[in-house]
Amino acid sequence: MAAIKQVLTIAGSDSGGGAGIQADIKTFQELGVFGTSAITAVTAQNTCGVHGVYPMPAGAVKAQIDAIGSDFDIVAVKTGMLFDAEIIAETAAGIEKHNWQNLVVDPVMIAKGGATLLQKEALEAMRKLLLPLAAVITPNIPEAEMLSGLEIHNSADRKKAAEQILAFGAKAVVIKGGHADNPLIAEDYCLDQNGESFVLRSARIHTQQTHGTGCTFSAVLTAELAKDQPLQDAVKTAKRFIQAALTHQLHIGAGHGPTNHAAFRQFAEKGDVQVVR
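Not measured: the values here are computed from a predicted model.

## Description of the overall build of the protein
Consideration 1: The helix and strand inventory of the protein stands at nine helices and ten strands.
Consideration 2: A compact globule built from 277 residues should have a C-alpha radius of gyration of about 19 Å, and the protein, at 17 Å, falls within 12% of that.
Consideration 3: Principal-axis analysis of the C-alpha atoms gives the protein an extent of 45 × 45 × 40 Å.
Consideration 4: Every one of the 277 residues in the protein was classed for burial, and the buried ones make up 53%.
Consideration 5: Only carbon and sulfur atoms are counted for the fraction: they give 52% of the accessible area of the protein, which is about 12000 Å².

In structure tokens, the structure reads:
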């Protein structure tokens, strides 16, 4: 029997269970890979918002990363909330030290309720230290604007922002379309360093049950890259996973309810996402 693929998430903990480390581990399990973790911060949060953020010392993050690196055969890594420049530096150093490949960077900056999850001085550290190591980075539109320094109002702006993000060294970028204005369609745009691009389209689902969708999307990408899936196939699976989760809602909590991580396995439909060149 072949050994199960082993992956690592370096991210914050979500006490509400819908995002962060908890979402990542659930997603890894659903997709048949073994998940390990290094926790960068503990958050006190629920579906109504983030009530506290308690970052780990950078040395504790380093110790977790090295413990995983000394014992596990990690074939893909995902980063989520890294909080500050020191933690970003330790994360990048650990990834290089252990020669980990298939790095998916989810540049978590702002929570659904508006809480800041990335310190201002950390943005430059992310650009300089982490993005050059990334196989793919997965910003939403506000995050893509922050990373690129450009405003995004249309598809031409989106392409320019993607090009600017790739200039920092990532091999590919997926700009997620959940924050776009189109009331009917949700589009995710992928561009790689060779200039190849594609758009994934799905029907927009109007719901508040969206907590953890960004974390989950990037966790799916990590799992699929670990299983040696090509980037387009991995992105399509991530889009389908989220589409299923938003379609089959759990209705937990009074605010932004958590993503249904089991929905893809139980209910996913093959034709729910369209690839457009």
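## Brief notes about helix H7 (residues 213-226)
Consideration 1: Between the first and last C-alpha of H7 there are 20 Å, a value that for 14 residues agrees with the 20 Å anticipated at 1.5 Å per step.
Consideration 2: H7 sits mainly inside the fold: 14 of its 14 residues count as buried.
Consideration 3: Positive phi appears at Asp228, one or two residues downstream of H7, with a value of about 70°.

## Overview of the packing of helix H2 (residues 58-69) against helix H3 (residues 85-97)
Consideration 1: Packing of H2 against H3 brings their axes to within 9 Å, and their N-to-C directions diverge by 20°. In terms of orientation, H2 lies roughly parallel with respect to H3. Seen from above, H2 lies across H3 with right-handed handedness. Here Ala58, Val61, Lys62, Ile65 and Asp66 of H2 lie close against H3, whose contacting residues are Glu86, Ile87, Glu90, Thr91, Gly94 and Lys97.
Consideration 2: Class assignment for the residues of the contact of H2 with H3 results in four nonpolar, two polar and five charged.

## What about the nonpolar core?
Consideration 1: Val77, Ile88, Trp100, Leu130, Ile137, Leu147 and Val173 are the most contacted members of the largest nonpolar core, which totals 43 residues.
Consideration 2: Here this core gets five residues from one element, more than from any other, and that element is helix H4 (residues 122-130).
Consideration 3: Counting 29 residues, the second largest nonpolar core, distinct from the first, contains Phe28, Ala172, Ala223 and Ala263.

## Section: unusual backbone geometry
Consideration 1: If you check the backbone angles, Asn102 has positive phi at about 55° while not being a glycine.
Consideration 2: Tracing the chain through its elements places Asn102 in the loop between H3 and strand E5 (103-105).
Consideration 3: Even without being a glycine, His251 presents a positive backbone phi close to 55°.
Consideration 4: The topology assignment puts His251 in the loop between helix H8 (231-247) and helix H9 (263-267).
Consideration 5: Judged by its relative accessible area of 56%, His251 falls in the exposed class.

## A few points about the state of the cysteines
Consideration 1: Applying the stated criterion across every chain yields a total of zero disulfides.
Consideration 2: The cysteine Cys215 is free of any disulfide, with Cys48 supplying the nearest cysteine sulfur at 18 Å.

## Looking at the packing of aromatic side chains
Consideration 1: Under the defined criterion, the tally for this structure stands at two aromatic pairs.
Consideration 2: Note on Phe34 and Phe72: the rings are 6.3 Å apart at their centroids and 10° apart in plane angle, and the pair reads as stacked. With Phe34 in strand E2 (residues 34-46) and Phe72 in the loop between H2 and strand E4 (74-79), the pair connects residues that are 38 residues apart, well separated along the chain.

## Here we look at the pattern of salt bridges
Consideration 1: On inspection of all chains with the given rule, the structure shows 13 salt bridges.
Consideration 2: In this structure, the salt-bridge partner of Lys239 is Asp188, at a minimum N-O distance of 3.5 Å. Of the two residues, Lys239 is situated in helix H8 and Asp188 in strand E8 (residues 185-192); the sequence distance between them amounts to 51 residues.
Consideration 3: The class of Lys239 is buried, set by a relative accessible area of 6%.
Consideration 4: Look at Asp188 and you get buried, because its relative accessible area is 6%.
Consideration 5: Between Glu224 and Lys227 there is a salt bridge, with its nearest N and O atoms 2.8 Å apart.
Consideration 6: You can call Lys227 partly exposed: its relative accessible area is 30%.

Here is what the cut-offs are and how they apply
Residues numbered from 1 in each chain as written. Predicted model: local features only at pLDDT ≥ 70, side-chain atom pairs only at ≥ 80, totals over all residues. Heavy atoms only, no water. Helix = DSSP H or I, 4+ residues; strand = E, 2+ residues; numbered from the N terminus. Rg over C-alpha atoms; globule rule 2.2 N^0.38 Å. Buried < 20%, exposed > 50% of the residue type's maximum accessible area, 1.4 Å probe, protein only. Areas by Shrake-Rupley, 256 points an atom, 1.4 Å probe, with all protein chains shown as cover. Expected span 1.5 Å × (residues − 1). Axes fitted to C-alpha atoms, helices over the stretch in contact; angles between N-to-C directions. Parallel < 35°, antiparallel > 145°, perpendicular 65-115°, else oblique. Left-handed = near helix turned anticlockwise from the far one by under 90°. Contact = heavy atoms within 4.5 Å. Nonpolar A, V, L, I, M, F, W, Y, C, P; charged D, E, K, R; others polar. Core = buried A, V, L, I, M, F, W, Y, C linked by side-chain atoms within 4.5 Å. Disulfide = S-S within 2.5 Å. Phe/Tyr/Trp six-rings, centres within 6.5 Å; stacked < 30°, edge-to-face > 60°. Salt bridge = Lys/Arg side-chain N within 4 Å of Asp/Glu carboxyl O.

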